[in-house]
Amino acid sequence: MFSAKRSITVKIVTGYVIVAILAGLAVWYVYNQVIAYSEIAQSNTENNQQLILVSEISTNLNESENTSRRLIQSGEEKELKLYNSQIEGIKSKLQSLEQSYENIYLENETDSINKLLDKKTENLKELVALRDSDRNTNYYSKALRELRNIDASFKDYSYENRFRNLKPYQKDVLVKWLEYSKEDNAERITTERLDSVVKSVKRVLTDLEFANRQFQNEVIQKENELLNNDLILNQQLQSLLSSLELKERENTVERAEVFQNMLDKTSNIIILGGCIILLIILYFIINIIGDVTRSQRYRVQLEEAKDFAESLLASREQFMAAITHDLRSPLTTVMGYTDLIQKTELNEKQKHYLNQIKKSSEFILRLVNDLLDLSKLEAGKMLIENLSFNPKKLIHDTVNNIIPAEKNKDVDIVIEISEDTNVQIQSDPFRIKQILANLISNAWKFTEKGEIVISAALKNQSGENHILEIRVKDSGIGISKEMQENIFEEFSQENSSIEKRFGGSGLGLAITKRLSQLLDGETKLESVQGEGSEFTILIPVVKLSETREDSEREQEDEITPETIDHDATGLKALIIDDEPGQLSLTVEVAKSMGFEIETAENGKSGLEKLTTDDYDIVLTDIQMPILDGFKLIESIRRSEDLKDLPVIALSGRTDIEKAVYTKAGFNNKLLKPYKPEELKQNIAELLHLEYEKKEESVEIDNERLKSDNYDLTDIYEFSGRDEDAMQTIIQAFIEGANQSLNELKAAYEVKDEDKLGKLAHRMLPMLRQMKANEVVVILMKLESREQVSQPEFDHFVVKINRLMASLDPNITV
Ligand code: ADP
């Protein structure tokens, strides 16, 4: 069970650890993936910036293209500056683009673009220069046009009029040139001559125009060439840029693919991890459910085993109860008759046989009692009471009870009781007496000569808490060292030969030890083999007062046990019982002690009597109609006037512990059927009655008191061996039994089990006392609510009627 629980815990812990590790790994993996995603996202942003750069470069290039065109057209300085700044801008953007890549090297591409740009600038400059020179050389054609005009109206050499459209420096050149030629040829110039000059000028100018045309063509050609170059350059630039753009786009697609792959991989891993965790959880759940089911099964088995053990214990208890009940009664009868026979005239052999019978029956009785005690102790059913008592008196009483009157050996009994113990203390006097009785009887048993010293002292602990220390020391056979270790175990005896010689069951010390443990005390043993033993018991008690008890009756040294007769003359007893036979039995016993008697048939009328009259003692049955014994004692203990009144319970119930009675408020309890002497002794103890030695009467005419159906010896004893008293008891019994029988028949008719049980319980003690075994068997069945068949019940009715008839000659069956 324990290991199953532990294995469940281990499994749960292992499960949690594995799941935690997997969760940790998953978190670690997802964290890494997130970092990778953010890197990709970052590079995407960079990628976008690079694409923006590329498109800006392309736009700037177009702008520079426009500027270059304007520059070619106008040749203006500011356009040139603009162009240069645009080219510089393109170059710096190219550099930024190149630097923005970490892994891609664009050095070659940017270099070639830079070179192309430089070349383009050079081309442009050349083109602008050509345009400039073209502009400067245009005057030749204009001069020629003017000369043509001259040719038409050459009569007038007014240069102002003729060259009015020329620029001053052109006009100057032309006029000077014409004047020189005019001076040189002034005398020779004729009209023809002039014509030829004009013709020459014309030719020169034509040549000039031709040359100019050629130059123009050259310029156009050069321009075309440059424009072509520029076109090629632009194309190259564009293709470079678009290849860059393409590269970027490819990169983007690639990154998107990587991103998608990562995403797929992550989700796959997460799904896989989830499945693994699910499988692990499932595995552990199945395992743990298996374990729990197994442990549940073990628990059920354990509970069954426990129930079985408890039922065994209960059966053992029942068995023990049966033993005590069914064995003790006949045993006490055997012992009683043995006593009686012993008092008849016997020869030596018979005396010896009887002695053996007595010893054996005493042994069986002790064994039965011990077994019962032990089973109660083991079942935890031995209850402890907390009563006030005088330990000194208790020790004296115990010694008196244990040490036989006729000491057949040379052993001195020494009682050394400290005066401290002559006070009232609180503990369980019955258990202490039982412990003490065991120790003293052992000491007596195992000591052949010398002395037995019984000493006691009360040692203060704190406040009113004390330790009662009782020592029983003997000079007997002693106990060996080895045996001392397990002497307190059940059935442990030093050796069987000693046991045989001294008798004993081997249970006494086991009971002693358990009882002292039950009282929170301890038992110690010191012993030297061959020299003697000393048993010490230490019991915690509460000291109540310093009051010394009257010690007149105490005998401290030699014990002289006596047969006791109790004189209750002048005292009044109330006896309550609903069964007339039992009632008159108790009445007879009380009468024989000298009590004045009043009776009541149930608790209610008993209580009424108690309130109207004074009583010294109450003897009451327990199970009664109207108001039972427990309710009665409750009322008595509650009443201010009656609360200290001594009350003895007389009950046939074996299922209720004595402690229950004392707890309820009874001073003592006797089990029915009881011995008259038992009752007398109890009453005497309770009322501290004087006692005197009484010679026992001998012989009883046994045969006269016996028949096949009954034995009236006990009743005779109860009546104090008084024939009339016995007859009164018998008459009371017959009266009660008749009434009970009628009620019993009616209850059997209607199968009222409860009523049958109660009636049987009421009838049983008296019939047991009469040893009417045949009817007792049926009544016991009814008492324990067992089924009794009709023929069985009819047989019982016949038998009890026959019994009553044989007891009373007036009745005929
Ligand atoms: P028993 O019924 O046999 O006396 P106990 O449990 O009382 O059972 O004692 C167990 C054994 O212890 C005895 O059989 C005896 O051998 C030994 N023993 C007990 N008391 C004494 C003693 N006072 N002196 C010597 N032996 C003792």
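This is a predicted model, so every value here is computed, not measured.

Student: Got a sec to walk through unusual backbone geometry? Specific residues and values, please.
Tutor: For Ile626, which is not glycine, the phi torsion reads 65° and is therefore positive. Considering the arrangement of structural elements, one finds Ile626 in the loop between strand S11 (617-621) and helix H16 (629-638). Under the relative-accessibility criterion, Ile626 is labelled exposed at 63%. Backbone geometry places Lys771, a non-glycine residue, at a positive phi of 55°. With respect to the element layout, Lys771 can be found in the loop between helix H22 (753-769) and helix H23 (773-783).

Student: Any chance you could break down the pattern of salt bridges for me, citing the residues and the numbers?
Tutor: All told, the structure shown has 28 salt bridges when counted by the stated rule. One salt bridge in this structure joins Glu56 and Lys93, with 3.4 Å as the shortest N-O distance. On the criterion of sequence distance, the pair formed by Glu56 in helix H1 (residues 2-74) and Lys93 in helix H2 (residues 77-100) is long-range, its members being 37 residues apart. Accessibility expressed as a relative area gives 32% for Glu56, which makes it partly exposed. Overall, the relative accessible area of 22% leaves Lys93 in the partly exposed class. Residues Glu65 and Arg69 are paired through a salt bridge, measuring 3.7 Å at the closest nitrogen-oxygen approach.

Student: Before we move on, can you summarise H2 with the specific residues and values?
Tutor: Between the first and last C-alpha of H2 there are 35 Å, a value that for 24 residues agrees with the 34 Å anticipated at 1.5 Å per step. Taken together, the buried positions of H2 are occupied by Glu79, Tyr83, Gln86, Ile87, Ile90, Lys91, Leu94 and Leu97.

Student: Outline the confidence of the model for the protein, listing residues and values.
Tutor: Mean pLDDT over the protein: 79, with 82% of residues reaching 70 or higher. The least confident element of the protein, judged by mean pLDDT, is strand S14 (residues 691-693) at 46; the most confident is strand S5 (residues 465-474) at 94. Contacts for the low-pLDDT stretch residues 547-564, under 50 throughout, to residues beyond four places or in other chains number 41 contacts. A low-confidence stretch, residues 692-699 (pLDDT under 50), is modelled with 14 contacts involving residues beyond four sequence positions or located in other chains.

Criteria and thresholds
- Residues numbered from 1 in each chain as written.
- Predicted model: local features only at pLDDT ≥ 70, side-chain atom pairs only at ≥ 80, totals over all residues.
- Heavy atoms only, no water.
- Helix = DSSP H or I, 4+ residues; strand = E, 2+ residues; numbered from the N terminus.
- Buried < 20%, exposed > 50% of the residue type's maximum accessible area, 1.4 Å probe, protein only.
- Salt bridge = Lys/Arg side-chain N within 4 Å of Asp/Glu carboxyl O.
- Expected span 1.5 Å × (residues − 1).
- pLDDT = per-residue confidence, 0-100.
- Contact = heavy atoms within 4.5 Å.

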